[in-house]
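Listed below are the residues making up each chain.
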Amino acid sequence: MQHRKLRDLDVSALGLGCMGMSEFYGEADENESIRVIHRALDLGVTFLDTADMYGVGRNEELVGRAIRGRRDEVVLATKFGNVRGPGGERLGINGRPEYVRQACDASLKRLGVDHIDLYYQHRVDPQTPIEETVGAMAELVQAGKVRFLGLSEASAGTLRRADAVHPITALQSEYSLWTRDPEEEILPTCRELGIGFVAYSPLGRGFLSGQFRSPEDLPPDDFRRYNPRFQGENFQKNLRLVEAVQEMAREKGCTPAQLALAWLLAQGNDIVPIPGTKRVKYLEDNLGALDVHLSASDLASLEAVFPMGAAAGERYPDMSSVNR
């Protein structure tokens, strides 16, 4: 397994996003999900990503069960800030210091661990100065409950203010061939400050894998059905882009998912994609991206097919405001 550095934190070059194991992407199978996590660890994946809102805490509990007895093999990342009620209802964003402490203790209990390796603010609370939130997060580091701090979907200005309070190890935001917004301002700011970049949805919520030919291919309760890029004319336009990626993948002797992940890995050694999956076969396919070498010509061809802004439709109706 290749490794990369998020500031001072060593992680596998590809992580595993665990969100879909508990919610959002159709029916969950916890036994299969635990098999996926165990197989990932067996293959050298060290970086697992969860959050307290995924499955309203169930995802943290699942990950905690999966890593029991193997804690020392894992760089464990979780998040707080998107508040949900017991029935899953969305209650807004909370970055107040007292909530930060409460949320961390609750996550530690669900995960069954004594510390979190990378603790993110999931979304920035517009009602609480980032200095106050990160100040409370820094206290968790001092208390030994957290090792490193991160933010998710934060703006360049917020990153600077946060990093001035306590070093920010990683920014996690959506980044893929069809979501290249971070290239404009966010990635340059991360590099200026020495902050690593964790790319979530690196396969465009699965679209770039080429497995969807119609919105009807998605399970009835899959939240992607409400994603603008998976609807109507946008779906058809995006499908044509993916078909071009599929053709390039055939020429390279790899899968579309491997090609898309290899492109992302080639954007810099400070970038760590965290593709999510609920199936061992897709996990193994994704890890094959580490063996795909893209030449300058390959990268230029992908750029021609998928320039910034090529994808049709907005990213998705997020559960909160982003880039504050």
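The name that an unreviewed UniProt entry assigns to the chain is Aldo-keto reductase IolS, with the source organism given as Deinococcus aluminii.

A closer look at the overall build of the chain
Across its full length, the chain holds 10 helices and 12 strands. Considering only intrachain contacts with a sequence separation of at least 6, the fraction spanning at least 24 residues in the chain is 76%. Roughly 12,900 Å² of accessible area belongs to the chain as shown, and the carbon and sulfur atoms make up 47% of that amount.

Some thoughts on the pattern of salt bridges
Tallying each qualifying case throughout the model produces 20 salt bridges. A salt bridge links R101 to E139; the shortest N-O distance between them is 3.2 Å. Separated by 38 residues along the polypeptide, R101 in helix α3 (residues 97-111) and E139 in helix α4 (residues 130-142) bring together distant segments of the chain. By relative accessible area, which is 35% here, R101 ends up partly exposed. Taking relative accessible area as the criterion, E139 reaches 39% and is therefore assigned partly exposed.

Here we look at the packing of helix α1 (residues 30-42) against helix α2 (residues 58-67)
Describing two packed helices takes the angle between their axes plus the distance from one axis to the other. Packing of α1 against α2 brings their axes to within 9 Å, and their N-to-C directions diverge by 55°. Classed by the angle they form, the pair α1 and α2 counts as oblique. Crossing of α1 against α2: the hand is right-handed. Here α1 contributes E30, S33, I34, I37 and H38 to the contact with α2, which in turn contributes L62, V63, R65, A66 and I67. For the contact of α1 with α2, the class distribution of residues is 6 nonpolar, 2 polar and 2 charged.

Notes on α4
Here α4 spans 18 Å end to end across 13 residues, near enough to the 18 Å set by a 1.5 Å rise per residue. Residues of α4 that are buried include every one of I130, T133, V134, A136, M137, A138 and L140, and no others. In this structure, the buried side of α4 is in contact with β5 (75-80), α3, β8 (116-121), β9 (146-152), α5 (156-165) and β10 (168-174). Directly after α4, the chain includes G144, whose backbone phi takes a positive value near 85°.

Some points on the side chain of N82
Relative to the elements of secondary structure, N82 occurs in strand β6 (residues 82-84). Look at N82 and you get buried, because its relative accessible area is 6%. Here H122 takes part through its side chain, which lies 3.4 Å from a polar atom of the side chain of N82.

With respect to the packing of aromatic side chains
Using the criterion set out here, one finds 3 aromatic pairs in the structure. Here Y175 and F197 contribute two aromatic rings whose centre-to-centre distance is 5.6 Å and whose plane-to-plane angle is 80°, an arrangement assigned as edge-to-face. With Y175 in the loop between β10 and α6 (186-193) and F197 in strand β11 (residues 196-200), the pair connects residues that are 22 residues apart, well separated along the chain. With a relative accessible area of 1%, Y175 lands in the buried category. Since its relative accessible area comes to 0%, F197 is described here as buried. Where Y175 meets W263, the ring centres are 5.8 Å apart and the plane angle is 65°; that geometry is what we call edge-to-face. Placement of Y175 in the loop between β10 and α6 and of W263 in helix α8 (residues 256-265) is noted, with a sequence separation of 88 residues between them. With respect to class, Y175 is no different from W263; both count as buried. Put simply, the rings of Y175, F197 and W263 pair up and form one aromatic cluster.

Quick word on the nonpolar core
One finds L16, I37, L171 and F197 to be the most contacted residues of the largest nonpolar core, which totals 85 residues. Counting 14 residues, the second-largest nonpolar core is a separate cluster that includes L6, V11, A170 and V198.

Focus: the packing of α1 against helix α9 (residues 280-287)
At a minimum axis separation of 9 Å, α1 and α9 run at an interaxial angle of 30°. Classified by the angle their axes make, α1 and α9 are roughly parallel. Helix-helix and strand crossings are classified by hand; for α1 and α9 the assignment is right-handed. Note on element contacts: α9 touches α1 through V280, L283 and E284, opposite E32, R35, V36, R39 and A40.

Rules and cut-offs
- Residues numbered from 1 in each chain as written.
- Predicted model: local features only at pLDDT ≥ 70, side-chain atom pairs only at ≥ 80, totals over all residues.
- Heavy atoms only, no water.
- Helix = DSSP H or I, 4+ residues; strand = E, 2+ residues; numbered from the N terminus.
- Contact = heavy atoms within 4.5 Å.
- Areas by Shrake-Rupley, 256 points an atom, 1.4 Å probe, with all protein chains shown as cover.
- Salt bridge = Lys/Arg side-chain N within 4 Å of Asp/Glu carboxyl O.
- Buried < 20%, exposed > 50% of the residue type's maximum accessible area, 1.4 Å probe, protein only.
- Axes fitted to C-alpha atoms, helices over the stretch in contact; angles between N-to-C directions.
- Parallel < 35°, antiparallel > 145°, perpendicular 65-115°, else oblique.
- Left-handed = near helix turned anticlockwise from the far one by under 90°.
- Nonpolar A, V, L, I, M, F, W, Y, C, P; charged D, E, K, R; others polar.
- Expected span 1.5 Å × (residues − 1).
- Polar contact = N/O pair within 3.5 Å; in protein donor to acceptor, adjacent residues only side chain to side chain.
- Phe/Tyr/Trp six-rings, centres within 6.5 Å; stacked < 30°, edge-to-face > 60°.
- Core = buried A, V, L, I, M, F, W, Y, C linked by side-chain atoms within 4.5 Å.

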